[in-house]
Amino acid sequence: MGSGKTTVGRTLARKLNKRFIDSDHEIEARTGASISLIFEIEGEESFRQREAEVIKDLVMRSDIVLATGGGAILHPRSRELLAAHGTVVYLRASVNSILQRTAHDRSRPLLQTEDPRQRIEELARQRDPLYNEIADIVVDTGRPNVQFLVQTILAQLEGDASMAPAVDIQPDGVAVPSLLPSSTTLSMANAPFSLSPTPLFSTSPTAQPAAITLQVELGERGYPIAIGPNLLDDTALVTSQLAGERVAIVTNTVVAPLYLARLTASLLAAGKKITTIVLPDGEEEKNWSSLMLIFDALLADKCDRKTTIVALGGGVVGDMAGFAAATYMRGVPLVQIPTTLLAQVDSSVGGKTGINHPLGKNMIGAFYQPRAVIADTATLATLPLRELSAGLAEVIKHGAIIDTVFFDWIEGNIAALMAREPAALAHAIQRSCEIKADIVRQDERESGLRAILNFGHTFAHAIEAGLGFGTWLHGEAVGCGMVMAADLSCRLGFIDAHARDRLTALVKASGLPVVAPDLGGGTWLELMQVDKKNEGGTIKFILLRPLGTALITTVPEDILMQTLSACSRPQ
């Protein structure tokens, strides 16, 4: 457990042009229950039998990379199936590494004990001989670089004897083999709370990256995220996600002149009947009146329940179109086509929809997953610099709360990101979507873990409401909110001053504000009390403990007031 199986498996599958499947996710999709719940109700022996049946189905598929649960090899039938139908890769991790990566993971039933270390040691003694029995390739995961691990596996698959699994020198330019087994199995469980490090560029930063597709694993509600240049012109891709012949495109007055005609031409060429709805632009327009404009147009054109609503624009358009899709005729299909960096890395993924109320941001809405997200990275070329910076706030957030290696990468590549170098932006979008998709898979409706995605947002929403929606961009408020949350984390002893200053410097380098407006202590508290995370009128914050790990907590009011005083100034 905690070997990074899912991240390595997905990366390996992309390199081999194969499909990635996780047997645990497949079991959850088929049963509608979490692994921990199945363990609790059925017991481990019954679960292993169920797991063996699922593995039996999966290994018969071609062109896949299959990640099994860490305990799959305990069942003799599973071992037999894996050994007979694929190349088995054992990702071997030390007890210390596993303990560190699973420390905050409550979804692993076998680790819910008073002494997780002792339990991991017991599991290792029991399982290690079985892993080695069926493994064709053994790779030690101590080196924190996914690209190294994947290239090591590729070299072993190709039969390159010069590449030992645990060498300490990073390989250069290992070619992807052309003749490989039809399926590959990674034989250890993933660590969803401690996502594996991100690889560095494998191409020139100025190269135009190829399109990739990720998957949000939500069983029947799962959907693809396509990321790449000029996807708006890919008629086959766009139309493959449409439920019927009727399409309603929701956009705004800024995006429509740039991209509406291109998208419309693609859809008309495919024989679609189109309704276009152009809304006024701006966060201040994310309200009931604009939502009614969508409903008015849908009803006027007699759009039926097979009409697909397509959100073409940034986060405001995506949120409103999504809310309309969730409620029109009690739910119609939705496709998100985000055209801003903020929407591509955050708001278009995960199914949050809604509108603002004068008393609070996003307080009226619904969880409603799209059929697909299509992120055309070429649209970022026309994005104003201020909007680009706003999107980088959410990119930084993902590194700060869960992936310090990604945070390090952002620090080292911030100039490339600000210069819109295609490979840098593509990597930032891909990694951000991987992180958010994995969190959404574990907590779709924000009952726990997903709330960490609101790092900086408690302060940010107060700034937006206090100044008036639209005065600051949402990403600008989030950037400043993260600086304030880092300062609060430091005052509480959760992070040191160096980590606080690193985050502040990165936010500033992204062109974002690092000093908040002075709203007044009473106004700050009043606005922060209107937040979806709060319970019983108590304000909850997402803080860092340490950098790369987030927690949800309350704070003493006197410490909070110190942060408000230190991080804001009169306007």
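Details of the structure are given in the entry above.
Conventions used here
All residue numbers refer to position in the chain's written sequence, counted from 1. It should be noted that, the model being predicted, local features are given only for residues of pLDDT at least 70 and side-chain atom pairs only at 80 or more, the latter also being counted only at that level, while totals for whole chains, interfaces and linings use all residues. The side-chain quantities take in all heavy atoms of the structure and omit both hydrogens and water. Strands are runs of DSSP state E lasting at least 2 residues, helices are runs of H or I lasting at least 4, and numbering of each runs from the N terminus. Residue exposure (1.4 Å probe, protein chains only): buried if accessible area is under 20% of the type maximum, exposed if over 50%, otherwise partly exposed. Residue contacts are counted whenever heavy atoms from the two residues lie within 4.5 Å of one another. Residue-level accessible areas treat just the shown protein chains as cover; the underlying method is Shrake-Rupley with a 1.4 Å probe. Interaxial angles span 0 to 180 degrees and are taken between N-to-C directions of axes, which are lines fitted to C-alpha atoms, for helices over the stretch in contact. Our angle categories are set so that under 35 degrees counts as roughly parallel, over 145 as roughly antiparallel, 65 to 115 as roughly perpendicular, and the remainder as oblique. Definitions for this section: a left-handed crossing has its near helix turned counterclockwise from the far helix by less than a right angle. A right-handed crossing has that turn clockwise. Only rings of Phe, Tyr and Trp enter the pairing, Trp through its six-membered ring, and a pair is recorded when the two centres are within 6.5 Å. The plane angle decides the type: under 30 degrees is stacked, over 60 is edge-to-face, the rest tilted. A helix is expected to span 1.5 Å for every residue after the first. One axis is fitted to the seven residues ending at the residue and one to the seven starting there. The bend at that residue is the angle between these axes. Between N or O atoms, a polar contact is any pair within 3.5 Å; within protein, one atom must be a potential hydrogen donor and the other a potential acceptor, and residues adjacent in sequence are included only when both atoms are from side chains. Two strands are said to pair when DSSP picks up at least two bridges between them. Put simply, a nonpolar core is a bunch of buried Ala, Val, Leu, Ile, Met, Phe, Trp, Tyr and Cys residues held in one set by side-chain atoms that sit within 4.5 Å of each other. Gly is put with the polar residues, along with every residue not named as nonpolar or charged; the nonpolar set is Ala, Val, Leu, Ile, Met, Phe, Trp, Tyr, Cys and Pro, and the charged set is Asp, Glu, Lys and Arg.

1. Brief notes about the overall build of the chain
When its secondary structure is counted, the chain shows 21 helices and 18 strands. Across the 571 residues in the chain, those meeting the buried criterion constitute 57%. When contacts within the chain are restricted to residue pairs at least 6 apart in sequence, those whose partners lie at least 24 apart make up 75%. For the chain, the exposed surface amounts to about 22500 Å²; the carbon and sulfur share of it is 50%.

2. As for the packing of helix α17 (residues 457–467) against helix α20 (residues 521–528)
Viewed as axis vectors pointing N to C, α17 and α20 meet at an angle of 110°, and their least axial separation amounts to 9 Å. Classified by the angle between their axes, α17 and α20 sit roughly perpendicular to one another. The hand of the α17/α20 crossing is right-handed. Within the contact between the two elements, α17 uses Thr-458, Phe-459, Ala-462, Ile-463, Ala-465 and Gly-466 and α20 uses Trp-524, Leu-527 and Met-528.

3. Description of the packing of aromatic side chains
A complete count under the given rule lists six aromatic pairs for this structure. Pairing Phe-295 with Tyr-328 gives two aromatic rings, centres 6.5 Å apart and planes at 20°, and the pair type is stacked. With Phe-295 in helix α11 (residues 288–300) and Tyr-328 in the loop between α12 (315–327) and β11 (334–338), this residue pair connects regions lying 33 residues apart in the sequence. Pair check on accessibility: Phe-295 and Tyr-328 agree, each one buried. With 5.9 Å between their ring centres and 20° between their planes, Phe-406 and Trp-409 make a pair best called stacked. Placement of the pair is Phe-406 and Trp-409 together in helix α15 (residues 404–418), with a separation of three residues, close to one helical turn. Assessed through its relative accessible area of 4%, Trp-409 is described here as buried. Among the aromatic residues, ring-to-ring pairing joins Phe-459, Trp-524 and Phe-541 into one connected group.

4. What to know about α15
Helix length check: α15 (15 residues) gives 20 Å between terminal C-alpha atoms against 21 Å at 1.5 Å per residue, within 8%. Of all the bends in α15, the largest measures some 60° and sits at Gly-412. Those residues of α15 that sit buried are Phe-406, Phe-407, Trp-409, Ile-410, Asn-413, Ile-414, Ala-416 and Leu-417. For α15, the elements touching its buried residues are α14 (385–402), α16 (422–442) and α19 (497–509). With a side-chain oxygen positioned 3.2 Å from the backbone nitrogen of Val-405, the residue opening α15 is Asp-403. Just beyond α15, the residue with positive phi is Arg-420, at close to 65°.

5. A word on the sheet that holds strand β7 (residues 223–228)
Reading across from one edge, β6-β7-β14-β11-β10-β8-β9 is the order of the seven strands in this open sheet, with mixed pairing throughout. On the outer flanks of this sheet lie β6 (212–216) and β9 (273–279), each paired with one strand and no other. Averaged over all adjacent pairs, the angle separating strand axes in this sheet is 15°, with direction ignored. With four bridges connecting them, β7 and strand β14 (residues 372–376) associate as parallel partners. The residue bridging Gly-228 from the neighbouring strand is Asp-376, located in β14. Set on the sheet, helix α10 (residues 256–269) makes contact with β8 (246–252), β9, β10 (308–313), β11 and β14; between it and β8 the angle comes to about 170°. α16 contacts β6 and β7 of the sheet and is inclined by roughly 15° relative to β6.

6. Observations concerning the nonpolar core
Within the largest apolar cluster, 84 residues are counted, with the highest numbers of intra-cluster contacts made by Phe-459, Leu-503, Trp-524 and Met-528. Of the residues forming this core, the biggest block, 10 residues, is contributed by helix α18 (residues 474–491). Not counting residues up to four positions away in its chain, the partners in contact with Trp-524 are Phe-459, Ala-462, Ile-463, Met-484, Ala-516, Pro-517, Leu-519, Leu-564 and Ser-568.

7. Here's the deal with the packing of α15 against α16
Packing of α15 against α16 leaves a shortest axis separation of 10 Å and a crossing angle of 150°. By the angle between their axes, α15 is roughly antiparallel relative to α16. Remark: the crossing between α15 and α16 carries left-handed chirality. Mapping the contact onto sequence places Phe-406, Trp-409, Ala-416 and Leu-417 in α15 and Ala-424, Leu-425, His-427, Ala-428, Arg-431, Ser-432 and Ile-435 in α16. Among the residues forming the contact of α15 with α16, the class breakdown is eight nonpolar, two polar and one charged.

8. Description of the side chain of Ser-489
The topology assignment puts Ser-489 in helix α18. Given a relative accessible area of 0%, Ser-489 falls into the buried group. Within the local environment of Ser-489, its side chain forms a polar contact with the backbone oxygen of Ala-485, the two atoms lying 2.8 Å apart. For Ser-489, the residues in contact, after removing those within four places along its chain, are Phe-494, Ile-495, Leu-543 and Leu-544.

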